[in-house]
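Tertiary structure, described
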Amino acid sequence: MNDIIITRPKYYDSSFRFYNTMTSCLQHDIWNELEQGMWKVFDIDAFLENERQYAINAEHKKKIRNLLVFPHFAVVEPGHAWNDTKSDTEIVYTPIEISSSCSHKSLMTAVEDYFQKFEGEKIGVHLSGGLDTSIIMAWLHELGIPFVAIGFKSNRWEFRTERRVQERMAQYAQQAELIDIDDFPFYSELDQCPKCQSPYGLGFKDYSISQALVARFKKLGVTTVFSGQGGDTLFVEKVPQDRPLLLAVGDEFEVCAGADMYYSPAGIKLEVPFADMNIIRQIASLRLGENEDVSKWWARRYFKGILPKELSEFGYVADMYGLELDGLEMAKPVLRNLFNEVYELTHNNNFSPYETCKFLETNVFEFEFKEYVEYGARLSVAAWLHALFRNDENSIK
């Protein structure tokens, strides 16, 4: 292992930080430490246990105590901070100011003010077929701001409603395209994932389709892409009247991994309108007194005037789980090679020949959430280590 050299990527700007428990300092990166051999003491078992505990407790949103995966270094995810008292990271919550004077006019003023910041940019939007990105597209259309919409399509039956919505929302765009996801399956090209400093934040699941989307935006000259991230919180969470509203804006409203891994290296900004504090305040104020709204009926009714009826009168959820499981199954030949490589590097028993065979014999189509997360955790370790030592440099053409 002594002659193995890490090849640092030519471009790297991570939103993740690393708290050094020895110096009590927050570091921008740990590339020097990794190059000096800290990768050798990465605690694979601790990482897998953290992911296992996450899977067990995620449904109840129970906070778990993360084990350190590097000696003396805690990985600080975007929207989190180190708490000396607890000796652990924690989510940073932002208090949202509620105002009874908010109106549709004040909301649209906030939206217009937000988009004015991107005047002169060529705008792109993810054409997902979901409500959140559709609202963003409807805002742009209402304000007369031209944009390019690109997404992925599937002919599978569970996407029949999404395809119809994509067709309707494409009419709002100056130009719209749909990429066939069958050409870029989930979990494909695991041996080509971007380099990063830890398995956390590694976008290995949708690496192939993300690269394809970014490459297409880039070819069309798009300089800023808008994501609908944050809508699942802003339109779903209860807005109580009797206590302050606290939202994990830096955590739940951001797309740091996608920006770090794909968009920024291509010279494209990935932005989140719903993360704008003025827009958040306006919508939260308008939703004051609303209970949890999983199907986002308030948003569907409120934006009925600018949305097609497929979104304003009906609720649906696109289900990509089948596509993801198909991708996992197809990835098994590559996984065997990656697991063998990890075992040669680390001799960790989770990647021994016996465990690898047992792992690859798993029927992924029987997975519940916990099994799915645990399976993916091993994948991320293997993809991360392989990328660290890969001596090529992937870039978006």
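A few points on the structure. (Residues numbered from 1 in each chain as written. Predicted model: local features only at pLDDT ≥ 70, side-chain atom pairs only at ≥ 80, totals over all residues. Heavy atoms only, no water.)

1. Overview of the packing of helix α14 (residues 332-346) against helix α16 (residues 369-389)
Inclusion rule: Axes here refer to lines fitted to C-alpha atoms; in helices the fit is confined to the stretch in contact. Angles between the N-to-C directions go from 0 to 180 degrees. Strands are runs of DSSP state E lasting at least 2 residues, helices are runs of H or I lasting at least 4, and numbering of each runs from the N terminus. Roughly parallel means an angle under 35 degrees; roughly antiparallel means over 145; roughly perpendicular covers 65 to 115; every other angle is labelled oblique. Helix crossings get a hand from a simple test, with the near helix turned counterclockwise from the far one by less than a right angle marking a left-handed crossing and a clockwise turn marking a right-handed one. Throughout, a contact is declared for two residues whenever any of their heavy atoms are within 4.5 Å. Any residue outside Ala, Val, Leu, Ile, Met, Phe, Trp, Tyr, Cys, Pro, Asp, Glu, Lys and Arg is labelled polar, Gly included; the first ten of those are nonpolar and the last four are charged.
Orientation of α14 relative to α16, taken along the N-to-C sense of each, is 70°, at an axis distance of 9 Å. One element, α14, and the other, α16, form an angle in the roughly perpendicular class. For α14 against α16, the interelement crossing comes out left-handed. Two secondary-structure elements touch here, α14 through Lys-332, Leu-335, Leu-338, Phe-339, Glu-341, Val-342, Leu-345 and Thr-346 and α16 through Tyr-375, Arg-378, Leu-379, Ala-382, Leu-385, His-386 and Phe-389. Partitioned by chemical class, the residues of the contact of α14 with α16 number 10 nonpolar, 2 polar and 3 charged.

2. Concerning the environment of Ser-210
The condition is simple: Only protein chains enter the accessibility calculation, which uses a 1.4 Å probe; a residue is then buried when its area is under 20% of its type maximum, exposed when over 50%, and partly exposed in between. Polar contact is defined as a pair of N or O atoms within 3.5 Å, subject to the rule that within protein one atom must be able to donate a hydrogen and the other to accept it, and that residues adjacent in sequence are counted only when both atoms are side-chain atoms.
By secondary structure assignment, the location of Ser-210 is in helix α6 (residues 207-219). On the basis of relative accessible area, Ser-210 is assigned to the buried category, the value being 11%. Between the C-alpha atom of Ser-210 and that of Leu-127, which follows or precedes it by 83 residues, the distance is 13 Å. One polar contact links the side chain of Ser-210 to the main-chain carbonyl oxygen of Asp-206, over a distance of 2.8 Å.

3. A closer look at empty space enclosed by the protein
What counts is decided by this rule: A pocket here means an open set of points on a 1 Å grid, computed over the protein atoms alone, that has protein on both sides within 12 Å along at least five of seven lines. A cavity is instead a set of points where a 1.4 Å probe fits but cannot get out; residues with an atom within 4 Å of a point line either one. Grid points are joined across faces, edges and corners, and a volume is the space filled by probe spheres set on the points.
On inspection of all chains with the given rule, the structure shows 2 cavities of 30 Å³ or more. When its volume is computed, the second largest cavity comes out at roughly 40 Å³. In terms of lining residues, the second largest cavity is bounded by Thr-233, Leu-234, Glu-237, Lys-238, Val-239, Leu-245, Leu-247, Ala-284 and Arg-287. When contributions to the lining of the second largest cavity are tallied by element, the ones reaching two or more residues are α7 (231-234) and β11 (245-247).

4. Concerning the packing of aromatic side chains
Spelled out, the test is: Any Phe, Tyr or Trp ring, taking Trp's six-membered ring, that has another such ring centre within 6.5 Å forms a pair; planes under 30 degrees apart are called stacked, those over 60 apart edge-to-face, and the others tilted. For a ring to carry a charge above it, either NZ of a lysine or CZ of an arginine must fall within 6 Å of the ring centroid while also lying within 35 degrees of the normal to the ring plane.
Counted by the stated rule, this structure contains 27 aromatic pairs. Look at Phe-42 and Trp-384: their rings are 4.7 Å apart centre to centre, the planes differ by 55°, and that puts the pair in the tilted class. A residue pair is termed long-range when its members are at least 10 positions apart, and Phe-42 in the loop between α1 (31-35) and α2 (44-57) and Trp-384 in helix α16 qualify at 342 residues. The same class applies to Phe-42 and to Trp-384, which are both buried. Summarising the aromatic geometry, the rings of Phe-235 and Phe-274 are spaced 5.4 Å apart at their centres and angled 85° between planes, so their arrangement reads as edge-to-face. Of this pair, Phe-235 sits in the loop between α7 and β11 while Phe-274 sits in the loop between β12 (269-271) and α10 (277-286), and the two are 39 residues apart along the sequence. What makes Phe-235 buried here is its relative accessible area of 0%. The class of Phe-274 is buried, set by a relative accessible area of 0%. Residue placement shows Arg-300 over the ring face of Trp-297; its charged tip is 5.6 Å from the ring centre.

5. Things to note about the pattern of salt bridges
We count it as follows: Within this document, salt bridges are pairs made up of a side-chain nitrogen of Lys or Arg and a carboxyl oxygen of Asp or Glu, the two lying within 4 Å of each other.
Counted by the stated rule, this structure contains 17 salt bridges. With a closest N to O distance of 3.8 Å, Glu-167 and Arg-164 form a salt bridge. In this pair, Glu-167 and Arg-164 both sit in helix α5 (residues 160-170), 3 residues apart, roughly one turn of the helix. Take Glu-167: its relative accessible area is 47%, and that puts it in the partly exposed class. Across the pair Glu-374 and Lys-370 runs a salt bridge whose closest N-O atoms are separated by 3.2 Å. With Glu-374 and Lys-370 both in helix α16 and 4 residues apart, this pair spans about one turn of that helix. The network of salt bridges with shared partners includes Arg-164, Glu-167, Arg-168 and Glu-310.

Just geometry here; none of it tells us what the structure is for.
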